[in-house]
Each structure stands twice: as C-alpha cells, then as structure tokens.
Amino acid sequence: MFRRGRLGMGAVALAAAGIVALPAAATAAPAWGTPSRQHLAVAGPGTEWSWGYNGLGQLGNGTTTNSAVPVRVSGLTDVVGVAAGRYAGYAVRRDGTAWSWGYNAYGQLGNGTITNSRVPVRISGLSRVVALAGGAANGYALRQDGTVWSWGYNNYGQLGNGTTTNSRVPVRVRGLSRVIAIASGGLTGYALRQDGTVWSWGYNDEGQLGNGTTANSPIPVRVSGLSGVTAIAGGRETGYALRQDGTVGAWGANDEGQLGNGTTVSSTVPVAIRNLSEVTAIAASSEGNSGYALRGDGTAWAWGLNNTGQLGNGTDDTSLVPVQVSGSTGLVGVTAISAGSFSGYALRADGTVWAWGSNFFGQLGHSTTPPTACFPSRSAASPGRKPSLVVASAGTRSSTP
C-alpha cells in the first residue's frame, strides 16, 4: 500500500542513505550489513527533516532514537540541498557552507575529528558549496567554481586525490574542473562535467568506474563512450548516466539485473537500459542493487533487486528490465525520485511524498514500521506546506542554489 505525506514549501530535496560493508572502525560501529536507512528532506522555509534509523545520531536531532515519522534536524536553517551517506547526513545552506552529522570514525563528517555528532557540525574549510554527495564513509562537495572536494575513508582511492590515505578534512579531487553534478556509489565517486562527459574514481571490482577495467583508481578516469550526459547516479557497485536524448546507460555490477539490460552479466563499460525513453531523472539504491527512472509523462520506473518490494510494482520478484512503479491505484504525476538502501521515494506535483519497499526502521516515513510495503504508500510529514519539485539523493544529480 502507498504511504504519502506533505512537506514544506520552497525548495524540497529528498536524500536516502544506503549501506556498504566497511572494515572494523577505531570506534564502535554497527555490524556489517546493519541497515543505515535514514532519509532526509528539505522543507520550507529551508528547514530539514529526517526519519528512519538513528543508532549513530544520523537523524541529526540530538538523539539516537529511531523515528518512523519525520523529525527536524537540529539547528539548520536556510538549507537548499541534502545528501546522505551510510551513517551520516549532509546539508548545504544558502550561504554556501556545508554541514554534517552522525557517524565519524573515518572522518566522514569532515570537521577535523573522528568524534560522532548527533547534531550538525560545519565541514571544515568549505565555502561556496552548491551540491553534496555521501558515500559509504566519505563525503563529496561540489563548489561554485566547478571543483570537487572529498573527505573521510579512502582505502580504495575514493577521495580521488591520488592517495589511499583517509582525511578528516576536505581535500581536492585531482584533475577535475567545470563539474556540474556529483554522485557516489558507496566506495566510488562520480562527476559530470559541463561538456557532458562522466568521470569516476575509487573502487572498481565490478567495473563501476566504467573505463573498461576492474582496476581501482585514486584519481578520476573517464567513463568510456559517454557524451551528452545531463545527470548521473551511483548504486552500490553500479553507475548510471542520463543522456540528453532521454535514454539511460549503466555499467558495473549486474548480479541482480541492476544494469536493466535484460541480463545478469556485469559490464566494465556503459550499456543501454532497455525499454526506457523520455527519461528526465534517475536515482539508484546505494545498497539494494536497484535503479529508478522518472519519465516525462510523470511515471516512475524501477529495475533490479526487489526482495523488499523496492521496485514498487506489488511483487517481490527481481526484474532484469524496467517495470513501472504502480501502486494500488497507480503512481502518476511524479516530479522527482530518490532511492534508499531497499526503498524508493517519489515526490508528486501535488506536494505529497510516496515511499515503498523496506520499512523495518521506519524509513517509509509513516507512523508504523511493518517489514515491507510492496506498493508505494504516502509518507507522513509536516502538514500544511507544499514542496517544490526539486529532488536529490546520495546518488543523483543535486540541485544548485
């Protein structure tokens, strides 16, 4: 069944976090595979709300109590964009400053420490930030000058600065300029340049760098054969690119059909997702191996893993090609999409937000927490305010203030 809810007026952004296995941390951390399913929304006037799992303070409200309904992130105003990492949240304010909260064992809060924080702290040394992305244990920032900066965990070169050394403060991703969008695929970073090319760096065991190899890279490499790209998204070990012609390409892991090309064969270079046209936005699950697309007619489509109903078509059957997110009465009039670990989200033109998939930690954003909801359902949220039509997640193109 659907769950839906209203969010505030002004700019609205949704961000949904995922999980990636990490090595043991210096401080206590959840066991590998523990869901990090927190979700973020910006509601007017520039306030930020979150819901779901909160074991490490990633809801940012000063507690470690899970919430099945949205709660306000403490002390943040004039928020224009959000992103979510594995156990951390990120926000950019209208003044161009960047903020973070939650788990920090690898320096992923970017404030020079490895101390967790239940409330937002300012990311050190960053100004004129226009977009953020969250990885498994690191963050990315796009500045107004078109440069990309990163911080946190770096064992596979995912900071993109030519090293494999962690950093508690932002460092510049090497060799990138004129970037207009960023995304993260867990242990891999992605950037879209103004010329329509896509670049990637970090972990590459399944070919998620898209350059025809499976070798990790601590500096950006160009994703092969892509041009005219307008938006990007990063899945667990899969990358996605939306082209100007409304088609979508994918590369990397494909064990659950997340490349959407009708096979389960991984690819180290981009392949076309089948039966998709007139696409206007894309999103990807950071852990659940599922992809999402919004078409110009206001319908949402999904493919890949479906073990918790995250494809939103009323089944739990994995699909190797896109299927329409249907709902019991149909999901139409969609203006933006986002994806979590094992859940999907849609913003409709009437200002309601809809969610489907896993709900074990309340990540569907309504007052109950059944294990799954295979059809999209309306999420609860702050009443009486209508959102605008902008969305961002940890793996999609972010809005620019």
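Residues numbered from 1 in each chain as written. Predicted model: local features only at pLDDT ≥ 70, side-chain atom pairs only at ≥ 80, totals over all residues. Heavy atoms only, no water.

Caption draft 1: Geometry of the pattern of salt bridges. Evaluation of the coordinates by the stated rule reveals four salt bridges. Residues D195 and R193 are paired through a salt bridge, measuring 3.9 Å at the closest nitrogen-oxygen approach. For D297, the salt bridge identified is with R295, shortest N-O distance 3.9 Å. Judged by relative accessible area, which is 48%, D297 ranks as partly exposed. (Salt bridge = Lys/Arg side-chain N within 4 Å of Asp/Glu carboxyl O. Buried < 20%, exposed > 50% of the residue type's maximum accessible area, 1.4 Å probe, protein only.)

Caption draft 2: Summary view of the environment of I180. Structurally, I180 can be placed in strand β14 (residues 179–184). Measuring from C-alpha to C-alpha, the distance between I180 and R143 comes to 9.1 Å, with 37 residues separating the pair along the chain. (Helix = DSSP H or I, 4+ residues; strand = E, 2+ residues; numbered from the N terminus.)

Caption draft 3: Seen up close, the sheet that holds strand β15 (residues 188–193). The four strands are arranged β14-β15-β16-β17 in an open sheet whose pairing can be described as antiparallel. The open sheet has two edge strands, β14 and β17 (217–222), and neither has a second partner. Averaged over all pairs of adjacent strands, the angle between strand axes in this sheet comes to 20 degrees, irrespective of strand direction. Bridge count between β15 and strand β16 (residues 198–202): five bridges; the pairing is antiparallel. Within β16, the position partnered with G189 by the bridge is W201. (Pairing = 2+ DSSP bridges. Axes fitted to C-alpha atoms, helices over the stretch in contact; angles between N-to-C directions.)

Caption draft 4: View of unusual backbone geometry. We note that R128 has phi near 55 degrees; this positive angle belongs to a residue other than glycine. As for its position among the elements, R128 is in the loop between β9 (117–122) and β10 (129–134). Positioned with a positive phi, N275 is a non-glycine residue whose angle comes to about 60 degrees.

Caption draft 5: Structural context of the confidence of the model for the protein. With 79% of its residues at a pLDDT of 70 or more, the protein shows a mean pLDDT of 83. Taken together, the stretch residues 1–14 has pLDDT below 50 and engages in 99 contacts with residues farther than four places along the chain or on a different chain. Between residues 16–37, whose pLDDT stays under 50, and residues either more than four places distant or in other chains, the model counts 84 contacts. (pLDDT = per-residue confidence, 0-100. Contact = heavy atoms within 4.5 Å.)

Caption draft 6: Highlighting the side chain of N306. With respect to the helices and strands, the residue N306 is situated in the loop between β24 (300–304) and β25 (319–324). Take N306: its relative accessible area is 0%, and that puts it in the buried class. For N306, the side chain forms a polar contact with the main-chain nitrogen of L311, separated by 2.8 Å. Residues contacting N306, with those up to four places away along its chain left out, are L311, G312, N313, T315, D316, D317 and T318. (Polar contact = N/O pair within 3.5 Å; in protein donor to acceptor, adjacent residues only side chain to side chain.)

Caption draft 7: Structural view of the sheet that holds strand β21 (residues 267–272). Across the sheet, which stays open at both edges, the four strands sit in the order β18-β19-β20-β21 with antiparallel pairing between neighbours. Single-partner strands in this sheet number two, and they are β18 (229–234) and β21. Each strand of the sheet is rotated relative to its neighbour by a mean of 20 degrees, with strand direction disregarded.

Caption draft 8: Quick look at the environment of G185. By secondary structure assignment, the location of G185 is in the loop between β14 and β15. Overall, G185 belongs to the buried group, its relative accessible area being 2%. Separated by 50 residues in the primary sequence, G185 and G235 place their C-alpha atoms 4.8 Å from one another. Here G185 is in contact with Y190, G234, G235 and R236, once residues within four sequence places are set aside.

Caption draft 9: A look at the pairing of β10. In terms of residue burial, β10 counts as a mostly covered element, since six of its six residues are buried. Across five bridges, the pairing between β10 and strand β11 (residues 138–143) is antiparallel. Directly across from A133, in β11, lies its bridge partner Y140. Here β10 hands over to β11 after three residues, the two strands then running antiparallel side by side.

Caption draft 10: Inspection of the pairing of β18 at higher detail. In terms of burial, β18 is largely enclosed, as five of its six residues are buried. As paired strands, β18 and strand β19 (residues 238–243) are joined by five bridges and run antiparallel to one another. Bridge pairing in β19 places G234 opposite G239. Here β18 folds back onto β19, and the loop between the two strands holds three residues.

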